[in-house]
4 protein chains.
Amino acid sequence: MKRRTDLALESRELYQEDNQREPEGVDWQEEQEGNLLLTRVYVRNQQGAAALEKPVGAYITADLGPDWDRDFQGMEQAAAVVARELAALLPPDPACVLAVGLGNRRITADALGPLAMEKIIVTRHLKDAMPEAFENFARVGAVSPGVLGVTGVETGEIVQGVCRLIKPDAIIAVDALASRRMNRLCRTVQLSDSGITPGGGVGPGRVALDRDSLGAPVIAIGVPMVVDAWTLAMDLCQQAGGSLDSEDCPVPEGAMIVTPKDIDALTRKSAKLIGYAVNMALHGGLSVSEIEELLG
Amino acid sequence: MKRRTDLALESRELYQEDNQREPEGVDWQEEQEGNLLLTRVYVRNQQGAAALEKPVGAYITADLGPDWDRDFQGMEQAAAVVARELAALLPPDPACVLAVGLGNRRITADALGPLAMEKIIVTRHLKDAMPEAFENFARVGAVSPGVLGVTGVETGEIVQGVCRLIKPDAIIAVDALASRRMNRLCRTVQLSDSGITPGGGVGPGRVALDRDSLGAPVIAIGVPMVVDAWTLAMDLCQQAGGSLDSEDCPVPEGAMIVTPKDIDALTRKSAKLIGYAVNMALHGGLSVSEIEELLG
Amino acid sequence: MKRRTDLALESRELYQEDNQREPEGVDWQEEQEGNLLLTRVYVRNQQGAAALEKPVGAYITADLGPDWDRDFQGMEQAAAVVARELAALLPPDPACVLAVGLGNRRITADALGPLAMEKIIVTRHLKDAMPEAFENFARVGAVSPGVLGVTGVETGEIVQGVCRLIKPDAIIAVDALASRRMNRLCRTVQLSDSGITPGGGVGPGRVALDRDSLGAPVIAIGVPMVVDAWTLAMDLCQQAGGSLDSEDCPVPEGAMIVTPKDIDALTRKSAKLIGYAVNMALHGGLSVSEIEELLG
Amino acid sequence: MKRRTDLALESRELYQEDNQREPEGVDWQEEQEGNLLLTRVYVRNQQGAAALEKPVGAYITADLGPDWDRDFQGMEQAAAVVARELAALLPPDPACVLAVGLGNRRITADALGPLAMEKIIVTRHLKDAMPEAFENFARVGAVSPGVLGVTGVETGEIVQGVCRLIKPDAIIAVDALASRRMNRLCRTVQLSDSGITPGGGVGPGRVALDRDSLGAPVIAIGVPMVVDAWTLAMDLCQQAGGSLDSEDCPVPEGAMIVTPKDIDALTRKSAKLIGYAVNMALHGGLSVSEIEELLG
């Protein structure tokens, strides 16, 4: 009865709960930084990858606390931390970066990626035309390829096709995630250098976005927006000391999600946070107010 | 530890569970009608009202089954049943009806009311100008007053103000509801002749929409779009034979909701269903395709 | 062959062109203020009202120049001027103000009013509950009543109904306007103390929003978003020294509009400007960044 | 002083007006078909292409008349004609077709392409998984690549990248067009087998979508949504017998557009028309009501 999570730190937790020991091939550490808690999980080898069901790589999760979206300063601080961690995962001074907004813009809790793209200062075409005016800016493109069910084309195929033509030095893929815990929703950001498989890797045909398929490093950034309701049900029963057969569970697997009541506003705010962090990491230290001015 | 529900049939269920007996002053009956299950709960007196925490009145719930939105025919059948039950609650041949879409259009799961208004054929101004062309149509208006947190004005005050001026013969108030059970979401419709209190009646200032405040009968139509996550947690623990103190429960009260994954599409479809049913009940037996043509 | 305009300064211009003299009962003056040009037109009596086809009152138009939306500072300066002029038209220290967003939110060039409401900090309900926390704020409500064609109810009836109940000390009515001149679109703001008739006063039933109907002063704020294409055609022919019969004119009267190509973005920016100006006028000198923080 | 148009039949008209003779290398004919007027323009060779500033190919324009969107039947007839003409331009029984929605979804008059994609029944992934269930359907994908100013990536590069991977047998590119005449807006459809250059081919870098770049035939479908206001001004002056220097013209070149007042609704309806026509052409003779049922 597997709990659903996209966060490496929760995969580790689950492994520990299920096996009463740490997974081999996985290291992790926590750092408190003011209000923020940073957790770094490193999947070192195939053994660790099998234990966590995640590719080898670094997974950095920043818990921004419950109040990061309260005021301007909270947003600026949170974006600065995400920008710093993103910059550390990117190759140094990338000449050209392609940002990719995964997910379905017409489903509220899945629209993070496409909405984040609208907050990125796109410069690839402008810098080509006016190199001096954009001296301190990276060449950045931002596309939202849609989802398989809407386009009939694998997201990975679209991104692969674009990358083969424009040959970016790095790809930043933004996606909405699922967490196991409600208190992580819309307030934690996971960054990873191991790429991402759109649609959760279900089915044989799903094309991963990673260095192998795209020819350049792929940094994934995600924010958990939902808890799978079935996962919540399993966790609650366990915590309550009860038990629930799969067939008795009133929550159908995979059909129901738990979100904050104000998920619409929180998705927009989280998209802004990620977009701003990408701008700060790529465009020579812009402040939030400079970013807002450039976005218009 | 009170479970949250807006459905009278669930209030009755909860009373029965908690007290191991039927509430006094409440009658109910079920009828199967093809795929549909109709439940009629009648709160007969103040005793029944206290037991169910609902005003005296009739509460009809139609469970449309899981597939009502699959095809055109399913939608047409479901709308016809809701229209029939609505017509039975309305005064006969009302000259002027005001439909009111409650809820916040910018919150996905709360947008049912405003979206349903967009599917109602509005005729009040046209029938005044061209009485012959609209002979078979009622005079219908449809307003979406917004919510207190967005307008700073009680919804009840806005509707009361409008009703005092235009003096409708009946008011139809459409709102998104909360259910206790996931398997009722987006597939059951509750109609009631007892009015409705926008915002759930929280706080002393909330103005009810009912015959007293508006001077005409108020028929409420609602579709449950969410389960309160805390309510789900309590129910799950009970079912699993476990127990969970309020303080140990990982679900914060009132902050998290459970919805179907495709809540965006289901809200639009449910709004269409309600709007079509209102048109069928008021505008002399229009078919769904005639309605769609008139809506453009 | 009457040109369509909602701006008093253009009505004066047209009178002057048509009659080769200034209208009686009308005074006007211009003031340059940095980049801004302020034009104040005063309709003093019924003679002036007949000449300009506008009610007696003051009409202040601020031309913000072509670049007001380029940067943060331009927006802040423009909002400050509009706020100052608005404050001068409002009664001193109004205890309760109702803002009304006129127009149809689903028509891009007509959505100014409803979009501006989303940028107003609504406090009426909060100040009642927490008077100390909102000491420096006015009690402000903001409603978007919709348009007659969508609701079947005269906008004036809805607003009148609400005002009779909540009895504001002043009403601020925001609406999209038509100008005769393209170079005024999305860069001029007209404020007036004479109220407004939603839907342009066409038809006998249209209810004006003014002191008579609402029981309190009504300040109208509008931004021209469109030029009527037929008006443009007439003006162009005249300027070109040609002539065009009504029946030869390829522009059907009333059916076509001229807008800037980026009308979608300009409507949003103009709505922000008006909303911010209302906040600055009513909520004790908030800055733009404080406003943005409070709006979240 | 070149008038702006994307319609080949207007390019021919303009050539004829300017040169008082028909262009060489261009044939054309008109057919009345019930309420519809079909105009077929064939650019036969480079001489014709130079005269009309359009690539060699067939350009079929269907004028649907002013009332095609009034009722269900009008929509069905219009879609059937467009489907028939589209089928005639496509290769016979294409195994795999990629539809591409050009334009910016956030600009009302430019959103035709992306909105049309939402009305196409996408089957490429389903038919691969369930070949029998989709026996009568073509394999169809539908993507909306965005515009250069938003993504920083040439639309042509994105489409080229995707086509190289998925190798469709034909591409259908849908885009909003500009017409010279207001009475063609939102009621004419141009189909062409010569491809299309997104963004109007301005600038050296613009990548055309055509057989050369994509490796398969490209059928372009467009609906004129705007008249360039400057073009209207020039035409009006000429018609009125006047003259207007470029510098006296109050309409700035390229900045202002003329649209119907209800452009928001007309864009949605036109997108539906195109989407439905694509479905009828590709998916074995579906009716409009079957299409609506499948779209949900």
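All of these numbers come straight from a predicted model, not from anything done at the bench. (Residues numbered from 1 in each chain as written. Chains lettered and ligands numbered in written order. Predicted model: local features only at pLDDT ≥ 70, side-chain atom pairs only at ≥ 80, totals over all residues. Heavy atoms only, no water.)

Asker: Can you break down the interface of chain C and chain B residue by residue, with the values?
Answerer: The partner chain B presents 26 residues to the 26 residues of chain C that form the contact. Across the chain C to chain B interface the summed buried area is about 2,000 Å²; carbon plus sulfur atoms make up 60%. For the interface between chain C and chain B, the tally reads four salt bridges. Measuring nitrogen to oxygen at the nearest pair gives 2.3 Å for the salt bridge that ties Glu118 of chain B to Arg106 of chain C. (Contact = heavy atoms within 4.5 Å. Buried area = accessible area lost by both parts, 1.4 Å probe. Salt bridge = Lys/Arg side-chain N within 4 Å of Asp/Glu carboxyl O.)

Asker: With reference to specific residues and values, describe helix α3 (residues 72-89) of chain A.
Answerer: Between the first and last C-alpha of α3 of chain A there are 26 Å, a value that for 18 residues agrees with the 26 Å anticipated at 1.5 Å per step. All of the buried residues along α3 of chain A are Gly74, Met75, Ala78, Ala79, Val81, Val82, Ala83, Glu85, Leu86 and Leu89 of chain A. (Helix = DSSP H or I, 4+ residues; strand = E, 2+ residues; numbered from the N terminus. Expected span 1.5 Å × (residues − 1). Buried < 20%, exposed > 50% of the residue type's maximum accessible area, 1.4 Å probe, protein only.)

Asker: Can you lay out the pairing of strand β3 (residues 57-63) of chain A for me, pointing to particular residues and giving the numbers?
Answerer: All names here are of chain A. Within β3, seven of the seven residues are buried, which leaves it mostly tucked inside the rest of the structure. In β3, alternate side chains face the same way, and those of Gly57, Tyr59, Thr61 and Asp63 on one face and Ala58, Ile60 and Ala62 on the other are all buried. Across seven bridges, the pairing between strand β2 (residues 36-43) and β3 is antiparallel. Note on β3: the bridge partner recorded for Val41 is Tyr59. (Pairing = 2+ DSSP bridges.)

Asker: Provide a residue-level description of the relation of the copies chain B and chain A, including the pertinent values.
Answerer: Mapping chain B onto chain A is achieved by rotating through 180° and translating by 0.0 Å along the same axis, at an RMSD of 0.0 Å. What we have between these two chains is a two-fold relation. With an isologous cut-off of 70% or more, the 100% of interface residues of chain B that recur at the interface of chain A puts this contact in the isologous class. (Least-squares fit on C-alpha atoms with pLDDT ≥ 70 in both.)

Asker: Mind laying out helix α9 (residues 229-239) of chain D, listing which residues take part and the relevant values?
Answerer: Among the 11 residues of α9 of chain D, nine are classified as buried, and the element is accordingly described as predominantly covered. The complete set of buried residues in α9 of chain D reads Ala229, Trp230, Thr231, Leu232, Ala233, Met234, Asp235, Leu236 and Cys237 of chain D. Against α9 (229-239) and β9 (256-260) of chain C together with β8 (218-228) and β9 (256-260) of chain D lie the buried residues of α9 of chain D. Backbone geometry just downstream of α9 of chain D places Gly241 of chain D in the positive-phi region, at approximately 75°.

Asker: Please provide a residue-by-residue account of the side chain of Thr155 of chain C, values included.
Answerer: Residue and element names in this part refer to chain C. Within the secondary structure, Thr155 is located in helix α7 (residues 155-166). The exposure class assigned to Thr155 is buried, which follows from its relative accessible area of 5%. With sequence-adjacent residues up to four places away left out, Thr155 is seen in contact with Leu102, Pro145, Gly146, Val147, Leu148 and Pro198.

Asker: Could you give an account of the nonpolar core, with specific residues and numbers?
Answerer: Counting residues in hydrophobic clusters, the biggest one holds 147 residues, and the most contacted among them are Val251 of chain A together with Val251 of chain B. Apart from the residues within four sequence positions on either side, Val251 of chain B is in contact with Met182, Leu232 and Leu236 of chain A together with Ala229, Trp230, Ala233 and Met256 of chain B. If you look at the next biggest cluster of nonpolar residues, it comprises 146 residues, including Leu112 of chain C together with Met117, Ile172 and Ala277 of chain D. (Core = buried A, V, L, I, M, F, W, Y, C linked by side-chain atoms within 4.5 Å.)

Asker: Residues and numbers for the interface of chain B and chain A, please.
Answerer: Across the contact, 29 residues belong to chain B and 29 residues belong to chain A. Carbon and sulfur atoms supply 62% of the area buried between chain B and chain A, which totals about 2,500 Å² over both sides. Counting across the chain B and chain A interface gives zero salt bridges. Counting across the chain B and chain A interface gives seven residue pairs in polar contact (both at pLDDT 80 or more). Elements with a contribution of two residues or more to the side of chain B that touches chain A: α9 (229-239), β9 (256-260) and α10 (263-282) of chain B. Counting residues per element, the side of chain B that touches chain A draws most heavily on α9 of chain B, which supplies six residues. Of the residues belonging to the side of chain B that touches chain A, the class tally is 17 nonpolar, seven polar and five charged. Sheet analysis places strand β9 (residues 256-260) of chain A next to β9 of chain B, joined by five bridges and oriented antiparallel. By the bridge assignment, Pro260 of chain A is partnered in β9 of chain B with Met256 of chain B. (Polar contact = N/O pair within 3.5 Å; in protein donor to acceptor, adjacent residues only side chain to side chain. Nonpolar A, V, L, I, M, F, W, Y, C, P; charged D, E, K, R; others polar.)

Asker: Tell me about the confidence of the model for chain A, and name the residues and values.
Answerer: Within chain A, residue pLDDT values average 93, and 98% of them lie at 70 or more. For this predicted complex, the interface score ipTM comes out at 0.94, alongside a pTM of 0.96. (pLDDT = per-residue confidence, 0-100.)

Asker: Tell me about empty space enclosed by the protein, residues and numbers included.
Answerer: Within the structure shown, the criterion is met by three cavities of 30 Å³ or more. If you add up the space inside the largest cavity, you get close to 110 Å³. Considering the residues around the largest cavity, the lining is formed by 16 residues, among which Thr108, Thr259 and Ile263 of chain A together with Thr259 and Ile263 of chain B are closest to the centre. Its residues placed into classes, the lining of the largest cavity shows eight nonpolar, four polar and four charged. The space that makes up the second largest cavity amounts to roughly 90 Å³. Around the second largest cavity, the lining residues are Val143, Ser144, Pro145, Ile158 and Val162 of chain B together with Val143, Ser144, Pro145, Ile158 and Val162 of chain C. Of the residues belonging to the lining of the second largest cavity, the class tally is eight nonpolar, two polar and no charged. (1 Å grid on protein atoms, 1.4 Å probe; cavity = no way out; pocket = protein on both sides within 12 Å on 5 of 7 lines; lining within 4 Å. Points joined across faces, edges and corners; volume = space filled by probe spheres on them.)

Asker: Just give me the short version of the state of the cysteines, but keep the residues and values in it.
Answerer: Tallied over the full model, the rule gives zero disulfides over all chains. Of all cysteine sulfurs in the structure, the one in Cys96 of chain A sits closest to Cys163 of chain A, which takes part in no disulfide; the separation is 9.0 Å. Here Cys163 of chain A falls in the buried class, since its relative accessible area comes to 3%. Cysteine Cys249 of chain C shares no disulfide, and the gap to the nearest cysteine sulfur, in Cys237 of chain C, comes to 6.5 Å. (Disulfide = S-S within 2.5 Å.)

Asker: Hey, could you go over the relation of the copies chain C and chain B for me, with residue numbers and the actual values?
Answerer: Expressed as a screw transformation, the operator carrying chain C onto chain B has a rotation angle of 180° and an axial translation of 0.0 Å, and the superposed copies differ by an RMSD of 0.0 Å. Residue by residue, 100% of the interface of chain C is reproduced at the interface of chain B, so both copies engage with the same surface.

Asker: How would you sum up the packing of aromatic side chains? Please name residues and give values.
Answerer: All chains considered together, the criterion is met by four aromatic pairs over all chains. Ring centres of Phe134 of chain A and Phe137 of chain A lie 5.3 Å apart, and the angle between their planes is 65°; on these two criteria the pair is classed as edge-to-face. A single burial state applies to Phe134 of chain A and to Phe137 of chain A, both of which are buried. A cation sits over an aromatic face here: Arg12 of chain C above Trp28 of chain C, 3.7 Å from the ring centre. (Phe/Tyr/Trp six-rings, centres within 6.5 Å; stacked < 30°, edge-to-face > 60°. Lys NZ or Arg CZ within 6 Å of the ring centre and 35° of its normal.)

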